[in-house]
Amino acid sequence: MAQISYKDAGVDTAAGARAVGKIRSAVQSTYTADVIGDIGGFGGLFSAASIKNMEDPVLVSATDGVGTKLELAKRTGDYSTVGIDLVAMCVNDLVVTGAKPLFFLDYLAVGKLDEDFAAEVVGGVAEGCRQAGCALIGGEMAEHPGVMQAGDYDLAGFAVGVVERAGILSPDRVRAGDQIIGLASTGLHSNGFSLVRKAFTDRLSDMELAETILADGRSLGQAVMAPTQIYVEMLLAAYQAFQDEIRAAANITGGGITENLDRALPVGCDAWVDLTAWPVPEVISMVIDAASLSQAEALKTFNMGIGMAVIVAPEILEQALQHFSKYTQAYHIGECRQAQSTEQSRQIIY
């Protein structure tokens, strides 16, 4: 029987080594003083020295993917933003607990490894890590011949952060009278793309995606693929400035405002949200129209232009709005009130 090499079976380890070489500088650009070693080890090493002086440190972890937005990246040929999306999906979940992201790991699975493609994707991951202030300390690029087609790929990530136990944000801190600030999204972020594709982009030609220009000057393709906003820096600065007067926060991802803001509320408290308080991004409105969604369905599918909701004490409302406005558009979108119904005691009321 003739010898069959690993490359013959569809896995090119030499290509993998070359891909690692191409991403090395991007990965190293995320390193903080706590990173030990370098890319290519069996495990990512991160010093715990920076947290040893914390009174009661709690580690927080999050994992996520980018979903079917990856299919649209194939159509546009731009893979530079999906890595930012990946980091955002994880670190935005971390920071709403009050945690500072420390490090990140990624996993890229492909049918056949292309070095330039991998470098573009991981370069986006590194950019997301730089925006979040965390280190990319490890990852994996895996070829899956026979399981995935040559052009197929998937992307997943994992983040770890730390917070003082006394500083953990939770619904227990929220009370009636607290005010809700909405922080602007960059568009669709990375949620609802199975619907986006089925109802909207799959019906459009590549030319329509490239040549349809929106009011802000971007093409439709650019608006659909805009990377998810990373809210880490602005939230960590707010926690430091306002401390206990920041009550809770909600990352508005899959499930929209309806299902995610609810997760930041205690039993016995409703959120009253003013839908006229902020503009809905044009690209989201276009998808809603294409899918003929009701307002209620849209609100539990898309972020509607609010990527993060922050619940604050009423006495700091104006100061907090000014703080967040240094980073992004910030809106006073509602308030927390005592629940009117004891049977359904944690509702979003529009």
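We now turn to the structure provided with this report. Remember, predicted model here, so these are calculated numbers, not experimental data. (Residues numbered from 1 in each chain as written. Predicted model: local features only at pLDDT ≥ 70, side-chain atom pairs only at ≥ 80, totals over all residues. Heavy atoms only, no water.)

1. Observations regarding the packing of aromatic side chains
Operational definition: Any pair of Phe, Tyr and Trp rings, taking the six-membered ring for Trp, is counted once the centres come within 6.5 Å. Such a pair is stacked with planes under 30 degrees apart, edge-to-face with planes over 60 apart, and tilted for the rest. Think of it this way: any DSSP run of H or I at least four residues long counts as a helix, any run of E at least two long counts as a strand, and we number them from the N terminus. When accessible area is computed with a 1.4 Å probe and restricted to protein chains, residues below 20% of their type maximum are described as buried, those above 50% as exposed, and intermediate ones as partly exposed.
Across all of its chains, the model carries four aromatic pairs by this definition. Judged by centre distance (4.9 Å) and plane angle (90°), the rings of Tyr79 and Phe117 are edge-to-face. Linking Tyr79 in the loop between helix H2 (69–76) and helix H3 (82–95) with Phe117 in helix H4 (residues 115–132), this pair joins segments that are 38 residues apart in sequence. With respect to class, Tyr79 is no different from Phe117; both count as buried. Consider the rings of Tyr79 and Tyr153, whose centres lie 5.7 Å apart with planes at 80°: the pair is edge-to-face. Residue Tyr79 is found in the loop between H2 and H3, and its partner Tyr153 is found in strand S6 (residues 153–164); the two are separated by 74 residues along the sequence. Per residue, the accessibility class of Tyr79 equals that of Tyr153, and both read buried.

2. Here's the deal with the packing of H3 against helix H8 (residues 232–242)
Axes are the key here: two packed helices are described by the angle between their axes and the distance separating the axes. Filter applied, for reference: All axes here are fitted lines through C-alpha atoms, helices being fitted over the stretch that makes contact, and every angle between N-to-C directions spans 0 to 180 degrees. Geometric relationships in this document are graded by angle, where less than 35 degrees denotes roughly parallel, more than 145 denotes roughly antiparallel, 65 to 115 denotes roughly perpendicular, and other angles denote oblique. Any two residues whose heavy atoms approach within 4.5 Å are treated as being in contact. As a working rule, the residues Ala, Val, Leu, Ile, Met, Phe, Trp, Tyr, Cys and Pro are called nonpolar, Asp, Glu, Lys and Arg charged, and the rest polar, with Gly in that last group.
At a minimum axis separation of 10 Å, H3 and H8 run at an interaxial angle of 10°. Our classification of the angle between H3 and H8 gives roughly parallel. For the pair formed by H3 and H8, the contact residues are Val91, Asn92 and Val95 on the first element and Val232, Leu235, Leu236 and Tyr239 on the second. Among the residues forming the contact of H3 with H8, the class breakdown is six nonpolar, one polar and no charged.

3. What to know about the sheet that holds strand S12 (residues 348–349)
The following threshold applies: Any two strands with at least two DSSP-identified bridges between them are counted as paired.
The strand order across the open sheet formed by six strands is S8-S10-S7-S11-S9-S12, and the pairing between neighbours is mixed. Looking at strand neighbours, the two that pair on one side only are strand S8 (246–251) and S12, the edges of this open sheet. Pairing between strand S9 (residues 269–273) and strand S11 (residues 330–338): five bridges, direction antiparallel. Directly across from Trp272, in S11, lies its bridge partner Glu335.

4. Structural notes on the packing of H3 against H4
Let me state the cut-off plainly: Handedness of a crossing is defined here by the sense of rotation of the near helix relative to the far one, left-handed for an anticlockwise turn of less than a right angle and right-handed for a clockwise turn.
At a minimum axis separation of 6 Å, H3 and H4 run at an interaxial angle of 40°. It follows from the interaxial angle that H3 and H4 lie oblique. Like other packed secondary-structure pairs, H3 and H4 cross with a definite hand, here right-handed. Note on element contacts: H4 touches H3 through Val121, Gly124, Val125, Glu127, Gly128, Cys129, Gln131 and Ala132, opposite Gly83, Ile84, Leu86, Val87 and Val91. Its residues placed into classes, the contact of H3 with H4 shows eight nonpolar, four polar and one charged.

5. A few points about the side chain of His323
Residue position: His323 is located in helix H12 (residues 317–325). Ignoring anything within four residues of it in the chain, the contact list for His323 reads Met234, Ala237, Ala238 and Phe242.

6. Here we look at the layout of surface pockets
Rules: The definitions used throughout rest on a 1 Å grid laid over the protein atoms alone, on which a cavity is an enclosed set of points accommodating a 1.4 Å probe that cannot get out and a pocket is an open set flanked by protein within 12 Å on both sides along at least five of seven lines; lining residues are those having an atom within 4 Å of a point. Grid points are joined across faces, edges and corners, and a volume is the space filled by probe spheres set on the points.
Here the largest pocket is characterised by a volume of approximately 640 Å³. Lining the largest pocket are 34 residues; nearest its centre among them are Val20, Gly40, Gly139, Glu140 and Met141. Of all the secondary structure elements, the ones that give two or more residues to the lining of the largest pocket are helix H1 (13–28), strand S1 (35–36), strand S4 (100–110) and strand S5 (135–143). Its residues assigned to classes, the lining of the largest pocket comprises 20 nonpolar, nine polar and five charged. Considering only enclosed or pocket space, the second largest pocket measures out at about 210 Å³ in volume. Val96, Ala249, Ala250, Asn251 and Arg263 are, among the 13 residues lining the second largest pocket, the residues nearest its centre. Ranked by residues supplied to the lining of the second largest pocket, first place goes to S8 with four residues.

7. Description of helix H10 (residues 282–291)
Stated formally: Arc definition: directions from the helix axis to the C-beta atoms.
Every buried residue of H10 is listed here: Val283, Ile284, Val287 and Ile288. Buried residues of H10, viewed axially, fall in a sector of 140°; they line one side. Buried residues along H10 sit in contact with helix H5 (193–199), helix H7 (220–225) and helix H11 (295–299). Of the residues one or two after H10, Ser292 is the one with positive phi, at around 55°.

8. Thoughts on the nonpolar core
For the record, the criterion: We call a set of buried Ala, Val, Leu, Ile, Met, Phe, Trp, Tyr and Cys residues a nonpolar core when their side-chain atoms join them within 4.5 Å.
By size, the foremost hydrophobic cluster in this structure holds 104 residues, and its most contacted members are Phe104, Leu261 and Phe324. In terms of residues, this core owes the most to one element, H3, which gives nine residues. Setting aside chain neighbours within four positions, we find Leu261 in contact with Ile180, Ala250, Ile252, Ala271, Val273, Ala309, Ile311 and Ile348. Phe46, Ile51, Leu102 and Ala135 belong to the second largest nonpolar core, which has nine residues in total.

9. So, the sheet that holds S4
Pairing is mixed in the open sheet, where four strands are placed in the order S3-S6-S4-S5. The outermost strands of the open sheet, each flanked by one partner alone, are strand S3 (57–65) and S5. On average, each strand axis in the sheet is inclined to that of its neighbour by 15°, with strand direction left out of account. As judged from the 10 bridges shared by S4 and S6, these two strands associate in the antiparallel manner. Paired with Asp106 across the bridge in S6 is Gly157. Sheet contacts for H4: S4, S5 and S6; angle to S4, the most-contacted strand, approximately 165°.

Keep in mind that these numbers describe shape and distance, not what the molecule does.
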